[in-house]
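Chain and residue survey
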Amino acid sequence: MALSFFSGGGSASHAKYFDIRLDEDYIVFRGGEQEAASAHLSGKLILCVSEPISHKHIRLHLTGISRVCWHLPSSSAGGGRKNWRERVFYEKTWKFRDASKGKTEILRPGNYEYPFDVILEGSMPESVEGLSETYVTYRFKAEIGRKYAKDIIVRRPLRIIRTLESSALELSHAMSVENIWPNKIEYSISTPTKAVIFGTSIRVDFKLIPLLKGLGIGQIISQLVETHDLTLNPEDPDAIRNTYKTTRTIINDEHTLDEDNALEIIDESAEGYQFSRTLDLPKTLTRCLQDTDTRGIKVRHKLKFRVQLLNPDGHISELRATLPVSIFISPNLAIDDNNNLVDSSPQTTQNAINDLAQQAPPLYGEHQFDQLYSEVDPSGYRTPGPGSGPGTPFGALSRNLSTENLASMNAITNTDISASALHHRLINLDNQGHSRHSPSDHDHLGVPTDQAPTSGPPSGSNTQSPGSPVLPHRSSDEVDHENLPSGMATPFHPQYAELETLSRVPSYSTAVRSSVRPHDSGLPNYDAVVAENFHQSAPTSPQAAHVRGTGRGGDSYFSAPMDFFHRPAFLHSRSHSHSDDERRVRLAQARGRA
């Protein structure tokens, strides 16, 4: 609170106004201590002086203090004893004015502002307030040191809130307990989410289906229980860890069904009771804390349920269930210095819930009927197909190793991709598959109409689908690769001879038998290694593969070990240089016999 000195004896009357102003009322950390990002704390120290005042210094301190305390009950051993431990875990000081040792300075009348800021690490403990003697607090203390008079001091609390990230699973996952008590009852108790904002309410959904004729439902009790685990010296592994655990009931809700009117058909198959209960949370931290685990203070919450079952023979059974709940403080609901909600109206709490729902990931059940992508107007989202790059939706077309009808795709780049268009493309692909170029043809590159070459098309034919325009082609050697967009220079028909040569990788056993050459002589090609291996040692593998060639002398066969071929696809590859391959194979066979 700001201090005003308009009256009073002594030199204190010279300070007219003294206050600590923060740019933000509290600091918010999103996520746990291991994942939260750092936060920036900034503000100003305001001082208004009406008359000259002498001082030794003007300083500002920020201190973080943790305290753990409990009283043992008088009935236990050592009853009535008090256990407590207090620690200062954070200190920061700003020195705005500081006179020499043993001297004073004169502060002339006027208004003074001293800005300050600091980066707070995301691993800092959050504020825990509400218990009488156990807490984690942060306090500002500003002081004007006086030599011959009492120091002028002003204090202000700082609240650090640790809340959940918008992507936390606790915000989107429902919690439920479902089971069947054989020959008695089938039940389901659930909450929409595990995480609940402090000061709001918890909705509990019940579904009870009796399996025993004449079974009645008695009183239904729902309780929110808070558990405190307190530990002394949590950061000291060598110290004796005294722990104390206590629980308290935050909410106790009792409900009785009207069996005459509440019975309804559930899931179109069974009669039962289906209803919801709303548990309103307290609006003050003195009655309900947030979930936390820091500085030896661990707070957890859970829902406990007890359902009375009235059996036909007169005796009473009880169904018990438990659900975990996590309570956290929302930055949208302000808490005052007395740990009470500033505004606890239903509208304010509902706004905080709605704001959190917008940040959390969408639930599938709420978006399963959303508009599909195919129904969205694509104008402004797509670039033209022919000039598209690899990052655009149709950029991959320019790199497709097929002869599909690209003109049909160019026609739909600015319209919707309908099922009929996709079906038409599949038919065209099937038709083109029977009339593709033979491997001996030259490779071609389809280019847009405005890029057609001046010379006539090279030899070879490309069958187009009925009704589609004939795309001009040019030889891959005639294409200006430097001026084409990225991806357009890739041919539609791979150069089989070059790809086959690059894919010929000797097996490990073949490679280890080859001689090592100096680096300056260059790396050997595949044919040289194969010929040398045949000359040095004959293959010993009993497993053989048969390759059929189509040379002039008719069909010819040869046997070779399977590890000779690294890729099985080589056995069935077709190339325009089959005669050369057969000649090399026969030469290798002759060397092996020698």
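On a predicted model such as this, the values are computed, not experimentally measured, just so you know. Residue indices follow the written sequence of each chain, beginning from 1 at its first position. This being a predicted model, a pLDDT of at least 70 is required before a residue's local features are given, and a value of 80 or more before pairs of side-chain atoms are given or counted; all residues contribute to the totals for chains, interfaces and linings. Calculated side-chain values reflect all of the structure's heavy atoms, with hydrogen atoms and water omitted.

**Considering the sheet that holds strand β3 (residues 26–30)**
In short, DSSP must find at least two bridges between two strands for them to pair. For helices the rule is a DSSP run of H or I covering at least 4 residues; for strands it is a run of E covering at least 2, with both sets numbered from the N terminus onward. Across the sheet, five strands lie side by side as β3-β11-β10-β6-β7; this open sheet has mixed pairing. Edge positions in the open sheet fall to β3 and β7 (82–98), since each of these has one partner strand only. Strand after strand, the sheet turns through a mean of 20 degrees between neighbouring axes, direction not considered. The pairing of strand β6 (residues 57–71) with strand β10 (residues 135–145) spans 11 bridges and is classified as antiparallel. Bridge pairing in β10 links L62 to F140. Axis geometry follows a simple rule: fit a line to the C-alpha atoms, using only the stretch in contact for helices, then measure angles between N-to-C directions, giving values from 0 to 180 degrees.

**Topic: the environment of L230**
For L230, the location among the structural elements is in strand β16 (residues 216–231). The buried label goes to any residue with under 20% of its type's maximum accessible area, the exposed label to any with over 50%, and the partly exposed label to all in between, with areas taken from a 1.4 Å probe on protein chains only. L230 sits in the buried class, given a relative accessible area of 5%. In the structure, L230 is positioned 63 residues away from D293 in sequence and 9.7 Å away in space, judged by C-alpha atoms. By definition, residues are in contact when any of their heavy atoms lie within 4.5 Å. Beyond its immediate chain neighbours, meaning those up to four positions away, L230 contacts V68, C69, W70, T134, N242, T243, Y244, G296 and I297.

**Some words on the pattern of salt bridges**
Think of a salt bridge as a Lys or Arg side-chain nitrogen and an Asp or Glu carboxyl oxygen that are within 4 Å of each other. Under the definition given, this model contains 12 salt bridges. Its salt-bridge partner being E318, residue R306 comes within 3.5 Å of it at the nearest N-O pair. Residue R306 is located in strand β21 (residues 297–310), and its partner E318 is located in strand β22 (residues 316–328); the two are separated by 12 residues in the primary sequence. For E318, the salt bridge identified is with R320, shortest N-O distance 2.7 Å.

**Let's talk about the side chain of H61**
Structurally, H61 can be placed in strand β6. There is a polar contact of 3.0 Å between the side chain of H61 and the side chain of T93. Not counting the four nearest positions on each side in its chain, H61 is found in contact with K92, T93, R139, F140, K141 and E143. We define a polar contact as two N or O atoms separated by no more than 3.5 Å, with the added condition that, inside protein, one atom must be a possible hydrogen donor and the other a possible acceptor, whereas residues neighbouring each other in sequence contribute only through side-chain atom pairs.

**Observations regarding the confidence of the model for the protein**
Mean pLDDT over the protein works out to 74, with 60% of the residues at or above the 70 mark. pLDDT: the predictor's confidence for each residue, scored from 0 to 100. Across residues 435–494, confidence stays below pLDDT 50; counting only partners more than four residues off in sequence or on other chains, it has 94 contacts.

**So, unusual backbone geometry**
Most peptide bonds are trans, and most residues other than glycine sit at a negative phi. Located in the positive-phi region is N183, a residue other than glycine, with phi close to 60 degrees. As for its position among the elements, N183 is in the loop between β12 (175–181) and β13 (185–191). Overall, N183 belongs to the exposed group, its relative accessible area being 65%. Even without glycine at this site, R295 takes up a positive phi of about 50 degrees. If you trace the backbone, R295 turns up in the loop between β20 (292–294) and β21. Take R295: its relative accessible area is 24%, and that puts it in the partly exposed class.

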